[in-house]
Amino acid sequence: KIILLCIASLDFTRSDECNLPLLDNAVLTATSSLRERGPKNARLYGGSTWTASNSDFEQYLILDLGQTMRVTRIETQGRPHTSEFVMEYAVGYGSNGLDYADYKEGGGNTKMFKGNIDGDNVRENRFEVPIIAQWVRINPTRWRDRISMRVELYGCPYDSRNWYFNGTSMVQWNLRDEVISATRETVRFRFKTTVADGVVLYSRGTQGDFLALQLKDNRMLLNVDLGSGMMTSLSVGSLLDDNIWHDVIISRNRRDIMFSVDRVQIHSKIKGEFLRLNLNREFYIGGVPNKQEGLVVMQNFTGCLENLFFNSTNMMWRVLEAYENDFNWASEKFKRFNVLYSCPEPPIIPVTFLTSNSRARLQGYEGMNSMNVSFAFRTYEEDGILLFHKFTSQGYVKLFLDKGKIKVEIKGETGPKAILDNFNEKFNDGRWHMAMLTIGLNNLVLTVDNRPMKTTRLLNMRTGAAYLIGGGVYGMPGFVGCMRLISIDGNYKLPTDWKEEEYCCKGEVVFDTCQMMDRCNPNPCKHGGVCHQSSLEFTCDCAGTGYGGAVCHTPLNPLSCEAYKNAASVGQ
């Protein structure tokens, strides 16, 4: 039999069914507040208000909803009977109270919501794509007189089903007697992972059609072919291996396709002349048993998927219902391999070094004639100390980034210092890289991303007691970025277990989250300019584009007479 699938809306819950006030049992906090106007007063129609004690762009009203909710709209007021109100604000959301994602426009920029025009009237804003989160954070960006707000969120409890995939897992949906043949379809789900690559969804048909969704270098990549033999590739998202929930939507209408991750959308046309997607073999979720056409990654997905909808059908509910009711056809229709029906938290806790002054000071084995330190790191900065260790004997070892390249500087008991520069590529690309430094008698091995570089030289040393991670060396900038899996001589201590004397400084080190921003996604540079970034800013390389300026927006060549005439005719 053939199933023709179509959909009219991306929103599977009617707005009037998800319109409950959510702040009755919420906990409200703020970055600052006046004594008599704390965050508990920030409730809609209340007689008082929350007023920030500081009027700057770093003020936040934080709403802990107590559980994961589906938030559909927000209403705001200012301070009653005054001219204190917020005129514009941004909204962030998260699942742990530490890491927040900005609610974005379709083009990828943070969405700025219009606020109030006085202190008394209510202003409503609807979230076109509902927010799924427990924590919501409001950041005022324009205000009158003072930052003063009253607020209410509306929505409903979020009902979810999770599957966990361990890199060898998959779910196989047999389509041989339930063929998909459609000119329209929508796929929607949420995911989180700590791994940059993996096959998420895959299916194909006997006429050359295929749908291949995969993580590639912590971006989401979609390859699709409607049977023409011409593959269309779309890529969106960045830093998606941060163990935060991300929302994915794929919506196709004939050859028109929209691909979205966290509300950042790209629109395109599928190559070829065919309009129908025909899938009549297996539909794989979380991985594939062997290499398939359209896949560019060779490993299965590791992480959690949540509420996978194929059109209006929640596939997770459908599989669970089939097995719970012991339907005779369940094991033939849906085969599960090493899949868990829950989402465990991985024992990987990152730490963010926010400034070049921040660092950790961890203990190792003192007086040994060998040492081993390993960690994963990610950064956009070209320079910074990764590791420094002073030997009990004379000398030291320093692992650092220099213009993006990773280098080792070492000084033993005898002989001059040496700088080892064995890797040609740059590692400040915002991706996770694994580094391991091993030193023994007359040898040193630096392994980066499973590639060892061994150096043999006269070297004798005795280890000291402390290892500086991320900085602390006079005259050299510290590391700005994220680290995880920091191990010293085989001992791994969770960053959340570090004592106060083991890191510096409060407010400059953030635990259990990787607070990094990809300022080049989407690309802010116009006309094909190349974007480069640090942790604080981006720059555009406009070489070869014919344009200049901060974002390659200014023509370098004067308009021709014909172009000038055409521009003048439309008032440019």
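Residues numbered from 1 in each chain as written. Predicted model: local features only at pLDDT ≥ 70, side-chain atom pairs only at ≥ 80, totals over all residues. Heavy atoms only, no water.

Convention followed: UniProt positions are given in the numbering used here, feature names are shortened, and annotations may be inferred rather than shown by experiment.
The protein chain is annotated in an unreviewed UniProt entry as EGF-like domain-containing protein from Homalodisca liturata. Reading the Subcellular location (unreviewed entry) entry of the UniProt record for the protein chain gives the comment "Membrane". Reading the Sequence similarities (unreviewed entry) entry of the UniProt record for the protein chain gives the comment "Belongs to the neurexin family."

### Some details on the UniProt feature "domain: EGF-like" (unreviewed entry) in the protein chain
Test applied: The helix count covers DSSP runs of H or I at least four residues long, the strand count covers runs of E at least two residues long, and both are numbered beginning at the N terminus.
The UniProt entry lists residues 516-553 under the feature "domain: EGF-like" (unreviewed entry), expressed in the numbering used here. The distance from the first to the last C-alpha atom of residues 516-553 is 27 Å, and the span holds 0% helix and 26% strand.

### Remarks on a nonpolar patch on the surface
Rules: A patch is a set of surface residues, each over 30% in relative accessible area and not in a salt bridge, joined within 9 Å for like charges and within 5 Å for the nonpolar side chains Val, Leu, Ile, Met, Phe, Trp and Tyr. Per-residue accessibility takes into account occlusion by the displayed protein chains alone, with areas from the Shrake-Rupley method and a 1.4 Å probe. When a carboxyl oxygen of Asp or Glu lies within 4 Å of a side-chain nitrogen of Lys or Arg, that pair is called a salt bridge.
A contiguous nonpolar surface patch, about 230 Å² in accessible area, is contributed by M434, L485 and Y492. In this structure, L485 sits in strand 38 (residues 481-488).

### Quick word on the pairing of strand 14 (residues 184-192)
How we decide: Partly exposed residues are those whose accessible area sits between 20% and 50% of the maximum for their type, while under 20% is buried and over 50% is exposed, using a 1.4 Å probe and protein chains only. One requirement defines pairing of two strands: DSSP has to find at least two bridges between them.
The buried fraction of strand 14 amounts to seven of the nine residues, a majority that puts the element mostly inside the structure. Note: strand 14 against strand 19 (residues 246-253), eight bridges, orientation antiparallel. Considered in strand 19, the bridge of V187 is made with I250. Bridging between strand 14 and strand 24 (residues 302-310) involves five bridges; their strand directions are antiparallel. The residue bridging R188 from the neighbouring strand is F309, located in strand 24.

### Digging into the environment of G108
Put simply, the rule is: Contacts are assigned to residue pairs that have any heavy atoms within 4.5 Å of one another.
Note on placement: G108 falls in the loop between strand 7 (101-102) and strand 8 (113-114). On the basis of relative accessibility, which here comes to 8%, the residue G108 falls in the buried class. The sequence separation of G108 and G237 amounts to 129 residues, and the corresponding C-alpha distance is 9.2 Å. Contact partners of G108, with chain neighbours within four places excluded, come to V264 and P522.

### Concerning the side chain of E381
As a reminder, the rule being used: Under the convention used here, Asp and Glu are negative, Lys and Arg are positive, and both His and the chain ends fall outside the count. Polar contacts, as counted here, are pairs of nitrogen or oxygen atoms within 3.5 Å of one another; within protein the pair requires one atom able to donate a hydrogen and one able to accept it, and residues that are adjacent in sequence qualify only if both atoms are side-chain atoms.
As for its placement among the helices and strands, E381 is situated in the loop between strand 29 (371-378) and strand 30 (384-390). The side chain of E381 sits in the buried core without any salt bridge; R519 is the nearest counter-charge, 8.0 Å away. In this structure the side chain of E381 is engaged in a polar contact, spanning 2.5 Å, whose partner is the side chain of S535. Those residues in contact with E381, other than ones at most four positions away along the chain, are L401, N428, V480, S534, S535 and L536.

### Considering the state of the cysteines
The condition that has to hold: Defined by distance alone, a disulfide is two cysteine sulfur atoms within 2.5 Å.
Scanning the entire structure with this criterion turns up seven disulfides. Residue pairing for C304: its cysteine sulfur links by disulfide to C343, the two sulfurs lying 1.9 Å apart. One disulfide, between C304 and C343, carries an S-S torsion of 95 degrees and so falls in the right-handed class. On the criterion of sequence distance, the pair formed by C304 in strand 24 and C343 in the loop between strand 26 (334-337) and strand 27 (351-353) is long-range, its members being 39 residues apart. Shown here is the disulfide that connects C504 with C505, its sulfur atoms set 1.8 Å apart.

### Examining the packing of aromatic side chains
Operational definition: Aromatic contacts are taken between Phe, Tyr and Trp rings whose centres are within 6.5 Å, Trp giving its six-membered ring; a plane angle under 30 degrees counts as stacked, one over 60 as edge-to-face, and the others as tilted.
Scanning all chains against the criterion turns up 21 aromatic pairs. Pairing W163 with F165 gives two aromatic rings, centres 6.3 Å apart and planes at 75 degrees, and the pair type is edge-to-face. When sorted by exposure, W163 lands in the same class as F165, which is buried. Summarising the aromatic geometry, the rings of Y503 and F511 are spaced 5.0 Å apart at their centres and angled 85 degrees between planes, so their arrangement reads as edge-to-face. For the pair shown, Y503 and F511 are each scored as buried. Through pairs of rings, three or more aromatic residues link up here, namely W163, F165, F189, F191 and F301.

### A closer look at the confidence of the model for the protein chain
Note the cut-off: Confidence scores per residue from the predictor, reported as pLDDT, run from 0 to 100.
In this model, the protein chain carries an average pLDDT of 91, and 95% of its residues clear a pLDDT of 70 or more. Within the protein chain, strand 1 (residues 2-3) has the poorest average pLDDT of any element, 38, and strand 4 (residues 50-51) the best, 98. Between residues 1-15, whose pLDDT stays under 50, and residues either more than four places distant or in other chains, the model counts 36 contacts.

### Thoughts on the domain arrangement of the protein chain
Under the convention used in this document: The domain limits used here are those given by an automatic or database domain assignment.
Partitioning the protein chain into structural domains gives domain 1 (20-157), domain 2 (162-337), domain 3 (350-511) and domain 4 (523-571). Just the C-alpha atoms count here: the centres of domain 1 and domain 3 sit 41 Å apart.

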